[in-house]
Amino acid sequence: MSEIWTQRYDRPDYLFGMEPTEFLVTATHHVPPTNALCVADGEGRHSAYLAQRGFDVTAFDPAPTALQKARRLDVAKGVTVARHQASLDDWDWTQPYGAVVAMFIQFQGPEARLPTFERLRQATRPGGHVILQGFAPRQVDYGTGGPSDRENMYTTEFLEQQFGGWTLHHLRDHDAPVASGPGHDGIAALVELIAQKPDQ
Ligand SMILES: C[S@@+](CC[C@H](N)C(=O)[O-])C[C@H]1O[C@@H](n2cnc3c(N)ncnc32)[C@H](O)[C@@H]1O
C-alpha cells in the first residue's frame with residue numbers, strides 16, 4: 001500500500017496541492033487551536049495549514065516521498081510540524097489530542113476501517129474533536145479523484161454510527177468543486193464531519 005503511494009508522490013509538483021480544503025479552513029473557525037494529530041497526512045497541506053493557524057501539530061504518513069515534500073512545505077510556509085513516517089499500524093494511538101484530523105483516508109474497506117475509526121476516537125481527548133473529510137459513494141461516478149472502490153466511501157449514516165454519543169457540530173454530504181492539485185480536481189461528492197467527544 002505505502003509503496004503505491006510512495007510512487008504516486010514521486011513527482012515534482014504536489015499531487016493534492018499545497019493548500020487545505022475549504023472545509024478544513026472552515027473547521028478551524030469552530031475548533032480552537034490545540035494539539036492536533038493529522039493522520040495519513042500525505043504531502044502536508046492540512047498539517048502545515050493548522051500549524052499556521054496556531055495548532056501544535058503532529059502528523060504521520062508512511063510514504064517517504066510525501067514526507068520529503070511535507071517538510072519542504074513547512075519551510076515554505078515557515079511552520080513547524082512534528083512529522084513521522086508511519087502507517088496506521090505503526091502509530092502509538094495512546095497519546096491524546098484535542099483535534100484528530102483525518103482527510104481523505106479512504107484506503108480501507110468497510111471492515112478494515114472499523115479499527116481505524118476506533119483509533120481516531122481513542123486518540124481524541126475528552127472534549128476534543130475529530131475533523132474528517134472524504135468522498136461519498138457517488139464520487140466513483142464523478143471520476144474527479146479518490147479510490148475506485150465505492151464501498152470505501154463514507155455515508156452520513158456510517159459516520160453517525162461511528163460517532164454515536166458525540167456532539168456532531170457538522171455532518172454534511174454535498175457536491176462541490178474541488179481544486180486540490182491534479183489528484184482531486186473537479187466536481188466532487190464530499191462528506192464532512194466535525195464531531196466533539198463528550199467530556200468525561
Ligand atoms: C488520498 S491521500 C490523502 C493525503 C492527505 N490526507 C491529504 O488530504 O492531502 C491518502 C494517504 O493515505 C496514506 N496511507 C495509505 N495507506 C496508509 C496506511 N496503511 N497508514 C497510514 N497512511 C496510509 C497515503 O500515503 C496517502 O498519503
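You'll find the structure just up there.
All values reported here derive from a predicted model rather than from experimental measurement. Each chain has its residues counted from 1, running along the sequence as written. Totals for whole chains, interfaces and linings use all residues, but because this is a predicted model, local features are given only for residues with pLDDT of at least 70 and pairs of side-chain atoms are given and counted only at 80 or more. Each side-chain value is derived from all of the structure's non-hydrogen atoms; neither hydrogens nor water enter the calculation.

**Q** Quick question: what am I supposed to make of the packing of aromatic side chains here?
**A** For Phe, Tyr and Trp, rings pair up if their centres lie within 6.5 Å, where Trp contributes its six-membered ring, and each pair is then called stacked (planes under 30 degrees apart), edge-to-face (over 60) or tilted (otherwise). Here the structure, examined in full by the defined rule, presents eleven aromatic pairs. Judged by centre distance (5.0 Å) and plane angle (75°), the rings of F163 and W166 are edge-to-face. The classification of residues rests on relative accessible area computed with a 1.4 Å probe and restricted to protein chains. Under 20% of the type maximum is buried, over 50% is exposed, and intermediate values are partly exposed. With a relative accessible area of 1%, F163 lands in the buried category. Residue classification places W166 among the buried residues on the basis of a relative accessible area of 13%. These aromatic residues form a ring-pair network of at least three members: F117, Y154, F158, F163 and W166.

**Q** What is the right way to read the sheet that holds strand β4 (residues 97–103) from this model?
**A** Within a beta sheet, neighbouring strands are joined by backbone hydrogen bonds and run either parallel or antiparallel to one another. Strand order in this open sheet of seven strands is β3-β2-β1-β4-β5-β7-β6, and the pairing throughout is mixed. What marks the edges here is a single partner per strand, and that holds for β3 (82–85) and β6 (167–180). For this sheet the average axis-to-axis angle between neighbouring strands, irrespective of direction, equals 15°. Paired strands are those between which DSSP finds at least two bridges. Helix and strand labels come from DSSP, where a helix needs a run of H or I of at least four residues and a strand needs a run of E of at least two; each type is numbered from the N terminus. Pairing geometry for strand β1 (residues 35–39) and β4, over four bridges, is parallel. The residue of β4 that forms the bridge with A36 is A99. What makes two residues a contact is simply this: any of their non-hydrogen atoms within 4.5 Å. Between N-to-C directions, angles cover 0 to 180 degrees, with each direction set by a line fitted to C-alpha atoms, over the stretch in contact for helices. With respect to the sheet, helix α3 (residues 45–52) is in contact with β1, β2 (56–61), β3, β4, β6 and β7 (184–196), its orientation differing from that of β2 by roughly 175°. Running at roughly 170° to β3, helix α4 (residues 64–77) makes contact with β2 and β3 of the sheet.

**Q** How should I be thinking about unusual backbone geometry in this particular structure?
**A** One non-glycine residue, A40, adopts positive backbone phi at about 50°. Mapped onto the elements, A40 comes out in the loop between β1 and α3. Unlike most non-glycine residues, F104 shows phi in positive territory, near 55°. You can call F104 buried: its relative accessible area is 17%.

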